[in-house]
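Residue-level structure breakdown
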Amino acid sequence: MVSLSQLLVNEKGTIHSFTIGRSETNRLASLGLTPGAQVDMTQNYGRGPLIVIVRGTRVALGRGEAAQIFVERNSS
Amino acid sequence: MSDCHTTPSVSSRPLAVREKLPLIALAGQPNVGKSTLFNLLTGLNQHVGNWPGKTVERREGKFTLDDHQYKLVDLPGTYSLTANSPEEVIAREFILREQPDVVVALVNASNLERSLYLVAELVTLPAPVVVALNMMDVAAQEGLCIEPKVLEAALGVPVIPITATRAAGTQGLIHVIQETLDGQHCLMTPRLPEIRSDHRLALDEILHQIDGCVPSPYPPEWVALKLLEGDAEIARTMQNSLPAEKWDAVNIVLRQHDDALLAVASGRYEWIGRMVRAAVVQPRMGQISWTKRLDEWAAHPFWGLCILAGILGVVFWLTFTIGSPAQAWLDIKVVGGLSTLANQVLANAPFWIRGLVVDGVLGGVGAVITFLPIMVIFFAVFGLLEDTGYMARAAYVMDNMMHLMGLHGRSFLPLFLGFGCNVPAILGTRVIDSKPARLLTTLIAPLVPCTARMAVVAFLAPAFFGPKAILVSWGLVLFSMLILILSGSLLNKLIFNGQRSAFIMEMPLYHLPNSRTIGLLVWQRTLSFIQKAGTNILAMAVVIWVLSVLPGGNFQTSYLVQFGKLVEPVGRWMGFDWRLTVALITSFPAKENAIATLGVLFGNNPQGLVQTLTSTYSPATGLSFLVVTMLFIPCMATVAVIRQETNSWGWTLFNLAFMLMVSIAAGTGVYHLALAVGL
């Protein structure tokens, strides 16, 4: 299991859990990020914010927020 | 039309036929085309204001079809109905308290899975829901094939496919709204999302505890669900309504189930998954979308910044080639013409009436009118960037830099607009989703040097520094930016405990801008600026004028000048005499007034003024005056919109005090430093 910020571009993963605060968890959930959801990293330059596709939506996340979301890397 | 649309918790609506027009609420997530549909239905027949006590835009309008008239209220765009933001509270309170006859839920056909999330929440509220499936064209382009009838059967509420950008399907939508009002869809019962069985027990326990104590108009089942989701607003309401021992019992259950929030959300997505699997006949093909290709450039850490710089360059080019000449034209022709006319008409009136009209009222009107060209340009650019989806990219590429101030990318564009004029900058802070971040951005926005202040610099810097004026001007801008960043991080630490709101943002698909949407937006924003800020500016202009003529009718002996002489000791710290102090005070109605005041006080024309100033004041005083001009309390138009957007005199006065303090400290420091290096 890795944090979402460690997922490389074009890697896919399944959301496992959050360590982020309650109101952020709520916002993430309403944008489609819930445990079990598939994420597809489309932009991650190793610093700064990143973009993932989840449930067909492109979602931008700050690196700090992404570091508190944990995913299982999908074996390709 | 009432009781038939039952959800488990619905209370019976008054059966009496409403005298008023049928009330339709338009709900939807951001970026589903809600504004486009609202504008399409209501056209110019709409009214824009604020939700009571909130600085969230409220739009309502009327539309007619087949002799039936309807009232349409546009609810704020929200992803869910949990109290994360004022918008979400407004949307659900409206549905619960105003009891709209129909709630139209707009969903994005090309992104059903995400946009049905709000519908999953709406169907649990006691109001009939009609789903409008928008962007059918985009879905078709992406190879998605959706069966609206199957979705309708699966959801248990009417579903109508539309394409709002091409005005397709809206008549069908209105017919279904009318049918719903007539009670024709009564037999349909919406299917509701469920939650995992272990949490179901918790829900029942909470429901048991709160039974009989839930204040109207909240449905108990819905309240129990929101408590499980950790909704702070509902928790507060119930804490006040429940006896202490029952509230404690509820809290024990909530603590045992603190992961229930995700279980509830997952339950909704499972519900959505079933709907989507049924209704989507042909899934999306794996093609690389336009959005992905454009984002490789627009969201790139380097190229993204280059593109942003290019766009902002164009905005300023527009401001200077169209905005400034238009401003000058309005000032000379319209305001000047009106002044001449008023002078002629009032030739025989007492001097104070003529002064009040020409210098007070027309001066204020002039300030409002000459703002308009720049406001229109900025509103149009802002609307265009928002409508095409680019705004999110600008926020994305600027996120790192904004971290320095404890802000995130969303604050960048409003602040940047401040270079043109601080007024649209502060109005533009509405794009910031978190309340503390929005307040912080509003408080530091006046530190961005606007064109009016740069005009003062452009006049005085060459006078004092000759060929080095360009260098000094750049230095002043950089100095302002430094102060902005320092103030931002300081205020963030002191007031907001160094918290930074999370950067979580949808990156919408790019699409072609809709001229109707942008045109209406510019029209409404401009109108509301004239109505709200305009009246405040006018009032302040009159007050300043009165202070500049009383008691004797002579500016040199007026209260304003007396006040300037009174506070001159403070001016001394910065190397000012009473004349520079008065000039600074009169820059409050409009920053460029500083020069005009100096002209009056020295009784000179502009050419002569330059020489008089340089022979009267040392370069150290000149530099200090420029620094203070950059950082002094904002102009009255900015103060008017700060009051309007923060909805608080407290924060407005705080901002004034803060700017005053910063400018005096910086002016004093710079003056003594300049003296020390021998300027």
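Residues numbered from 1 in each chain as written. Chains lettered and ligands numbered in written order. Predicted model: local features only at pLDDT ≥ 70, side-chain atom pairs only at ≥ 80, totals over all residues.

Further remarks concern the overall build of chain A. Check the secondary structure of chain A and you find two helices and six strands. Listed by position from the N terminus, the elements making up chain A come as β-β-α-β-β-β-α-β. Its C-alpha atoms give chain A principal-axis dimensions of roughly 30 × 25 × 25 Å. Across the 76 residues of chain A, 49% fall into the buried class. In chain A, of all internal contacts separated by at least 6 residues, the share reaching a separation of at least 24 is 59%. (Helix = DSSP H or I, 4+ residues; strand = E, 2+ residues; numbered from the N terminus. Buried ≥ 20, exposed ≤ 12 C-beta atoms within 10 Å, placed from the backbone. Contact = placed C-beta atoms within 7 Å.)

To continue, consider the overall build of chain B. Within chain B, the secondary structure is distributed over 30 helices and 10 strands. For 679 residues, the compact-globule formula gives about 26 Å, and the C-alpha radius of gyration of chain B, at 29 Å, lands near that figure. For chain B, buried positions account for 45% of its 679 residues. Pairs at least 24 residues apart make up 72% of the contacts formed inside chain B by residues separated by at least 6 positions. (Rg over C-alpha atoms; globule rule 2.2 N^0.38 Å.)

Here we take up the packing of helix H1 (residues 22–30) of chain A against helix H11 (residues 260–279) of chain B. Remark: H1 of chain A packs on H11 of chain B, axes separated minimally by 10 Å, with the N-to-C direction vectors making an angle of 10°. Between H1 of chain A and H11 of chain B, the interaxial angle falls into the category roughly parallel. Across from Arg22, Thr25, Asn26 and Ala29 of chain A in H1 of chain A, the residues of H11 of chain B making contact are Leu261, Leu262 and Ala265 of chain B. Tallied by class, residues from the contact of H1 of chain A with H11 of chain B come to four nonpolar, two polar and one charged. (Axes fitted to C-alpha atoms, helices over the stretch in contact; angles between N-to-C directions. Parallel < 35°, antiparallel > 145°, perpendicular 65-115°, else oblique. Nonpolar A, V, L, I, M, F, W, Y, C, P; charged D, E, K, R; others polar.)

Moving on, we come to unusual backbone geometry. Residue and element names in this part refer to chain B. Residue Pro217 is bonded to the preceding Ser216 through a cis peptide linkage, with omega at 5°. Residue position: Pro217 is located in the loop between helix H7 (197–210) and helix H8 (220–228). Phi at Asp66 takes a positive value of approximately 50°, unusual for a residue other than glycine. With respect to the helices, strands and loops of the structure, Asp66 is situated in the loop between strand S3 (57–65) and strand S4 (68–74). Under the C-beta neighbour-count criterion, Asp66 is labelled exposed, with 8 such atoms within 10 Å.

This part takes up helix H15 (residues 390–397) of chain B. Of all eight residues in H15 of chain B, eight are buried; the element is thus mostly enclosed. Those residues of H15 of chain B that sit buried are Tyr390, Met391, Ala392, Arg393, Ala394, Ala395, Tyr396 and Val397 of chain B.

Attention now moves to the confidence of the model for chain B. Residues and elements named next belong to chain B. Overall, the predicted model of chain B reaches an average pLDDT of 86, with 95% of residues at or above 70. pLDDT under 50 marks residues 1–18. Its contacts with residues more than four places away, or in other chains, come to 27 contacts. Scored as a whole, the predicted complex attains pTM 0.82, and scored at its interfaces, ipTM 0.95. (pLDDT = per-residue confidence, 0-100.)

Before going further, it helps to examine the domain arrangement of chain B. Taken domain by domain, chain B consists of domain 1 (23–181), domain 2 (197–282), domain 3 (297–467 + 497–533) and domain 4 (543–676). For domain 2 of chain B versus domain 3 of chain B, the distance between C-alpha centres works out to 44 Å. (Domains from an automatic or database assignment.)

With 29 residues of chain A in contact, the opposing surface of chain B contributes 29 residues. Contributions of two or more residues to the side of chain A that touches chain B are made by H1, strand S3 (38–43) and strand S5 (57–61) of chain A. Ranked by residue count, the leading element in the side of chain A that touches chain B is H1 of chain A, at nine residues. Residues that form the side of chain A that touches chain B fall into these classes: 10 nonpolar, 13 polar and six charged.

Moving on to the nonpolar core. Counting 204 residues, the largest nonpolar core has Val104, Ala105 and Val131 of chain B as its most contacted members. The element best represented in this core is helix H22 (residues 515–549) of chain B, accounting for 12 residues. (Core = buried A, V, L, I, M, F, W, Y, C linked by C-beta atoms within 7 Å.)

One face of the sheet, then the other: side chains in a regular strand alternate in exactly this way. All names here are of chain A. Where burial is concerned, most of S5 is hidden: five out of the five residues are buried. Examined bridge by bridge, strand S4 (residues 50–54) and S5 share five bridges and lie antiparallel to one another. What sits directly across from Ile53, in S5, is Arg58. The loop that links S4 with its antiparallel partner S5 comprises two residues; one of these, Arg55, has a positive phi angle of about 50°. (Pairing = 2+ DSSP bridges.)

Moving on, we get to the environment of Leu308 of chain B. Residue and element names in this part refer to chain B. Its place among the elements puts Leu308 in helix H13 (residues 303–345). The spacing of Leu308 and Ile504 is 196 residues in sequence and 20 Å in space, taken between C-alpha atoms. Sequence-distant contacts of Leu308, defined by excluding residues within four places in its chain, comprise Ala394 and Val397.

Turning next to the sheet that holds strand S6 (residues 129–134) of chain B. Hydrogen bonds between backbone groups are what pair the strands of a sheet, and the pairing can be parallel or antiparallel. All names here are of chain B. The strand order S2-S3-S4-S1-S5-S6-S8 describes an open sheet built from seven strands, whose pairing is mixed. In this open sheet, the two edge strands, each paired with only one partner strand, are strand S2 (46–50) and strand S8 (159–161). The sheet shows a mean angle of 25° between the axes of neighbouring strands, direction not considered. Of the pairings in the sheet, the one linking S2 to S3 comprises five bridges and is antiparallel in character. Its bridge partner being in S3, Asn50 is matched across the sheet by Glu57. Across the sheet, helix H3 (residues 112–122) lies against strand S1 (23–28), strand S5 (102–108) and S6, angled at about 165° from S5, the strand it touches most. Contacts from helix H5 (residues 148–155) reach S6 and S8 within the one sheet, and its direction differs from that of S8 by about 160°.

Our focus in this paragraph is the sheet that holds strand S6 (residues 69–73) of chain A. Taken in spatial order, the seven strands make up an open sheet running S1(A)-S6(A)-S2(A)-S3(A)-S4(A)-S5(A)-S10(B), and their pairing is antiparallel. Where the open sheet ends on each side, the last strands, each with one partner, are strand S1 (2–3) of chain A together with strand S10 (504–506) of chain B.

What follows covers the environment of Leu37 of chain B. All names here are of chain B. Relative to the helices and strands, Leu37 resides in helix H1 (residues 34–42). Taking the C-alpha atoms as reference, Leu37 lies 45 Å from Ile252; in sequence the two are 215 residues apart. Look past the residues within four positions of Leu37 in its chain and what remains in contact with it is Leu26, Leu106, Asn134 and Ala164.

Residue and element names in this part refer to chain B. Between helix H20 (residues 451–465) and helix H28 (residues 619–631), the least distance of the axes is 10 Å, while the angle of their chain directions is 170°. Considering their axes alone, H20 and H28 lie roughly antiparallel with respect to each other. Of the residues in H28, those touching H20 at Arg453, Val456, Val457, Leu460, Ala461, Phe464 and Phe465 are Pro619, Gly622, Phe625, Leu626, Thr629 and Met630. Across the contact of H20 with H28, the residue classes tally to 10 nonpolar, two polar and one charged.

All names here are of chain B. Relative to the helices and strands, Ile24 is located in strand S1. It is 9.7 Å that separates the C-alpha atoms of Ile24 and Lys62, two residues lying 38 residues apart in sequence. Not counting residues up to four positions away in its chain, the partners in contact with Ile24 are Tyr70, Lys71, Leu72, Pro100, Asp101, Val102, Val104 and Ile177.

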